[in-house]
Amino acid sequence: MLLASNLGLKTSKAMTSISGEDSSYEGVVDMLEDLQAEFRKSDKTADMDEAKADTAYKMAQQTMKQNLAAKKKQLNTMKQELGARVKAIGTAKSDLVTTQETLEDDKKYVKETEVLCKEKAATFEQRKAMREEELEAITKATDILKDTLAPGKAMLYE
């Protein structure tokens, strides 16, 4: 009985009969058969538990593999998008530099054109003033000629 309790096994009727006056081998056989039945039962339970755990593990592993594959696909897609965006940023920066250079050139051209326009406007005003003076002079000359010439001849020039 000491052996069975030290192993943590359940004691049976057969075990108690060994400790009594009857020392036949039948009690030992019964005890061993009971132990074997308990072992088989606990072995079967352990096998079923292990099978459940194995199935759960395989399902978890499969799920993780699927998740990993999905994440890898997502990563590749994001890498492609990143590459496209980096390329687009590079193109946009290049376009920006070109546009800024064009803007600076256009500003310079506008300033030059404004200076030319002011110069031409000034020249135009000078010429206009000269033309007005010339017209005034011609008008005075015509008046002088009309006054100095005979009144009949003045009509010829008009």
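Residues numbered from 1 in each chain as written. Predicted model: local features only at pLDDT ≥ 70, side-chain atom pairs only at ≥ 80, totals over all residues. Heavy atoms only, no water.

When helices and strands are counted, the protein chain shows 4 helices and 0 strands. Going from N to C terminus, the protein chain has its helices and strands arranged as α-α-α-α. Going through the 158 residues of the protein chain one by one, you find that 4% of them count as buried. (Helix = DSSP H or I, 4+ residues; strand = E, 2+ residues; numbered from the N terminus. Buried < 20%, exposed > 50% of the residue type's maximum accessible area, 1.4 Å probe, protein only.)

Together, Glu-26, Asp-30, Glu-33, Asp-34 and Glu-38 make up a region of like negative charge exposed at the surface. Relative to the helices and strands, Glu-33 resides in helix 3 (residues 25–148). Classification of Glu-33 by relative accessible area gives partly exposed; the value is 45%. (Patch = residues over 30% accessible without salt bridge, like charges linked within 9 Å, V, L, I, M, F, W, Y side chains within 5 Å. Areas by Shrake-Rupley, 256 points an atom, 1.4 Å probe, with all protein chains shown as cover. Salt bridge = Lys/Arg side-chain N within 4 Å of Asp/Glu carboxyl O. Lys, Arg positive; Asp, Glu negative; His and termini not counted. Charge placed at Lys NZ, Arg CZ, Asp CG, Glu CD.)

Another aspect to go through is the confidence of the model for the protein chain. Counting all residues, the mean pLDDT for the protein chain is 84, and 80% of those residues have values of 70 or more. With pLDDT under 50 throughout, residues 1–9 is counted as low confidence; its partners more than four residues away or in other chains account for 6 contacts. Here residues 11–18 scores under 50 on pLDDT; set against residues more than four positions off or in separate chains, the count is 14 contacts. (pLDDT = per-residue confidence, 0-100. Contact = heavy atoms within 4.5 Å.)

A side chain of one charge can pair with a side chain of the opposite charge if their charged atoms are brought near each other. Across all of its chains, the model carries 2 salt bridges by this definition. Among the salt bridges present, the one from Glu-134 reaches Arg-131, with a minimum N-O distance of 3.9 Å. Of this pair, Glu-134 and Arg-131 both sit in helix 3, 3 residues apart, roughly one helical turn. Given the relative accessible area of 43%, Arg-131 is considered partly exposed.

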